[in-house]
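This is what each chain is made of:
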Amino acid sequence: MTELALTSLTLSHFRSHKRAELALDPRPVAIFGPNGAGKTNLIEAVSLLSPGRGLRRAGADDLSRKPEALGWKVTAHLQSLNTTHELETWAEPGNSRQLRIDGKTAPQVALGRIARMLWLVPSMDRLWIEGAEGRRRFLDRATLSFEPSHAEAVLSYERAMRERNRLLKDMVRDPHWYAAIELQMAESGAAIQRNRLAAIAELTAAQQAATTAFPKAALSLTSAEPIPEDLQTALADNRNRDMAAGRTLIGPHRADLDAVYVEKNVAAKDCSTGEQKALLISLILANGRALAKSFGAPPILLLDEVAAHLDAGRRAALYDEICGLGAQAFMTGTGPELFAELGTRAQYAEVTETDGHSTLTTNDRP
């Protein structure tokens, strides 16, 4: 199978890293070091080589190393589908993030056409027991990995909805103000719904076709109120109710992702902490398998502290599946012992911190 991998990564004034350089091959990358040393900052930099705001959803100014606040830059070489690309993303103080691909200015959505990237971070461990917004974001990230244009549909829908909500709060009743906005919401909303359902179907098929040590999850898309097929008409009919609430009450922005642990027939929200984590890992791996088939190469995986709550047996199973998938996975942990089961199948980077400055040392073994 064709490889998708970073072959180099350079950070300049990014978070705790004044400068960091990694020379890489397609193997998994095990990053270890004490808490606060800058491990997550490294994989956050990698996440910015995909569309969106990265795994922490940080603003551009928040990424700049303090106290200098000179701006920041991340550069990389990406081997994708037998082609090498040079990627540069950066932000000057007070400005939005910029991107160049192969020396040419490009929109972020272009990154989704040349690479696929998935991540799992500790804040997602509570995905099944907290609000629906986080689950929508998780589903949309998976959906975006299959269909890069999904980001444009979501942005278009959200822009139109913000404008509609402004009219509602201002108690504007003239239907002419709403017509074009609600048409845009209906068109974008239909694309969002279609893309999400297609992603769920891909994840379901990838789970069913695999023999894995991680549990299978039955997924469904639900909503507090059913999303009507004719969303434009429904929005028009619902204006008075929405005006009383001061916001739009129907549409794909109200959707939720439900999951059931298939073997036990237990809703994910009712599973143990360990089972919830295992379900998340299972979905990331299923997403990776599906992408390897549809995109032609497995995605780059960013797994922050992924081994922290796994016993040795499940850690070994996870590493075996990542290596079997052929994915370049960036994984962080506090000590090299968490990656012992990987042996020479991985490359290693130790991160240390002294006086607020992160230092990176790379090795073939921990």
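Residues numbered from 1 in each chain as written. Predicted model: local features only at pLDDT ≥ 70, side-chain atom pairs only at ≥ 80, totals over all residues. Heavy atoms only, no water.

Description of the overall build of the protein
- Counting secondary structure elements, the protein contains 9 helices and 15 strands.
- Taken over C-alpha atoms, the radius of gyration comes to 22 Å for the protein, in line with the 21 Å a tight globule of 366 residues would show.
- Projecting the C-alpha coordinates of the protein onto the three principal axes gives extents of approximately 65 × 50 × 40 Å.
- Expressed as a percentage of the 366 residues in the protein, the buried residues total 54%.
- Here the protein has roughly 16,200 Å² of accessible surface; of this, 50% comes from carbon and sulfur atoms.
- Here the protein contributes 43 positively and 45 negatively charged side chains, and the mean placements of these two sets differ by 2 Å. (Helix = DSSP H or I, 4+ residues; strand = E, 2+ residues; numbered from the N terminus. Rg over C-alpha atoms; globule rule 2.2 N^0.38 Å. Buried < 20%, exposed > 50% of the residue type's maximum accessible area, 1.4 Å probe, protein only. Areas by Shrake-Rupley, 256 points an atom, 1.4 Å probe, with all protein chains shown as cover. Lys, Arg positive; Asp, Glu negative; His and termini not counted. Charge placed at Lys NZ, Arg CZ, Asp CG, Glu CD.)

Here we look at the UniProt feature "binding site: ATP" (unreviewed entry) in the protein
- The sites that carry the UniProt feature "binding site: ATP" (unreviewed entry) are, in the present numbering, Gly33, Pro34, Asn35, Gly36, Ala37, Gly38, Lys39 and Thr40.
- Mapped onto the fold, Lys39 is located in helix α1 (residues 39-47).
- If we ignore the near neighbours within four places in the chain, the residues touching Lys39 are Ile31, Phe32, Gly33, Pro34, Glu305, Thr332, Gly333, Thr334 and Val351.
- Here the side chain of Lys39 touches Gly33 through a polar contact of 3.0 Å, landing on its backbone oxygen.
- Within the secondary structure layout, Thr40 lies in helix α1. (UniProt positions renumbered as here; feature names shortened; annotations may be inferred. Contact = heavy atoms within 4.5 Å. Polar contact = N/O pair within 3.5 Å; in protein donor to acceptor, adjacent residues only side chain to side chain.)

A word on the pairing of strand β8 (residues 117-120)
- Of the two faces of β8, the one lined by Met117 and Trp119 and the one lined by Leu118 and Leu120 are each fully buried.
- Taken together, the 4 bridges between β8 and strand β12 (residues 300-303) define a ladder with parallel strand orientation. By the bridge assignment for β12, Leu120 is matched with Leu303. (Pairing = 2+ DSSP bridges.)

So, the environment of Asp311
- As for its placement among the helices and strands, Asp311 is situated in the loop between β12 and α9 (312-325).
- What makes Asp311 exposed here is its relative accessible area of 52%.
- Sequence separation of Asp311 and Leu338 is 27 residues, and the distance between their C-alpha atoms is 9.6 Å.
- At 2.8 Å, the side chain of Asp311 and the backbone nitrogen of Arg314 are in polar contact.

As for the packing of helix α4 (residues 150-169) against helix α5 (residues 176-208)
- Contact geometry of α4 with α5 gives a least axis separation of 8 Å together with a crossing angle of 145°. Crossing angle aside, the handedness with which α4 passes α5 is left-handed. Taking contact as the criterion, the partners of His150, Ala153, Val154, Ser156, Tyr157, Ala160, Met161, Glu163, Arg164, Leu167 and Leu168 in α4 are, on α5, Trp177, Tyr178, Ile181, Glu182, Gln184, Met185, Ser188, Gly189, Ala191, Ile192, Asn195 and Arg196.
- Classifying every residue of the contact of α4 with α5 gives 13 nonpolar, 6 polar and 4 charged. (Axes fitted to C-alpha atoms, helices over the stretch in contact; angles between N-to-C directions. Left-handed = near helix turned anticlockwise from the far one by under 90°. Nonpolar A, V, L, I, M, F, W, Y, C, P; charged D, E, K, R; others polar.)

Here we look at the UniProt feature "domain: AAA+ ATPase" (unreviewed entry) in the protein
- The feature "domain: AAA+ ATPase" (unreviewed entry), as given by UniProt, occupies residues 25-353 in the numbering adopted here.
- Between the end C-alpha atoms of residues 25-353 there is a gap of 25 Å, over a span that is 40% helix and 19% strand.

Some points on the sheet that holds strand β4 (residues 72-80)
- As summarised here, the arrangement of the 6 strands in space is β2-β1-β4-β5-β6-β7, forming an open sheet in which the pairing is antiparallel. Taken across any chain shown, the strands that pair with only one partner, and hence form the sheet edges, are β2 (17-23) and β7 (104-105).
- Contacting β1 (4-14), β2 and β4, α1 crosses the sheet at an angle of about 115° to β1.

Focus on the sheet that holds strand β10 (residues 255-261)
- The sheet built from 3 strands is open, its strands ordered β9-β10-β11 with antiparallel pairing. Because the sheet does not close on itself, it has two edges, and the strands there are β9 (217-223) and β11 (266-267).
- Relative to β10, β9 runs antiparallel, the two being bridged by 7 bridges. Considered in β10, the bridge of Ser220 is made with Asp258.
- Running over the sheet, α5 touches β9 and β10 and is turned about 165° from β9.

As for the pattern of salt bridges
- Overall, the coordinates contain 24 salt bridges when judged by the stated rule.
- Taking the shortest distance from any N to any O, the salt bridge between Asp256 and Arg135 comes out at 2.7 Å. Here Asp256 is found in strand β10, whereas its partner Arg135 is found in helix α3 (residues 132-146), with 121 residues between them in sequence. For the pair formed by Asp256 and Arg135, the shared burial category is buried.
- In this structure, the salt-bridge partner of Lys264 is Glu275, at a minimum N-O distance of 2.3 Å. One end of the pair, Lys264, is in the loop between β10 and β11; the other, Glu275, is in helix α8 (residues 273-294), and 11 residues separate them in sequence.
- Several salt bridges converge on common partners, so that one network encompasses Arg164, Glu182, Arg239 and Asp242. (Salt bridge = Lys/Arg side-chain N within 4 Å of Asp/Glu carboxyl O.)

Details of the packing of α3 against α8
- Where α3 meets α8, the axes come as close as 10 Å, and the angle between the chain directions of the two elements is 15°. When the interaxial angle is binned, α3 and α8 end up roughly parallel. In the crossing of α3 with α8, the sense of the turn from one axis to the other is right-handed. For the pair α3 and α8, the contacting residues are Phe138, Ala142, Ser145 and Phe146 in the first and Leu280, Leu283, Ile284, Asn287, Ala290, Leu291 and Ser294 in the second.
- The residue inventory of the contact of α3 with α8, partitioned by class, reads 8 nonpolar, 3 polar and no charged. (Parallel < 35°, antiparallel > 145°, perpendicular 65-115°, else oblique.)

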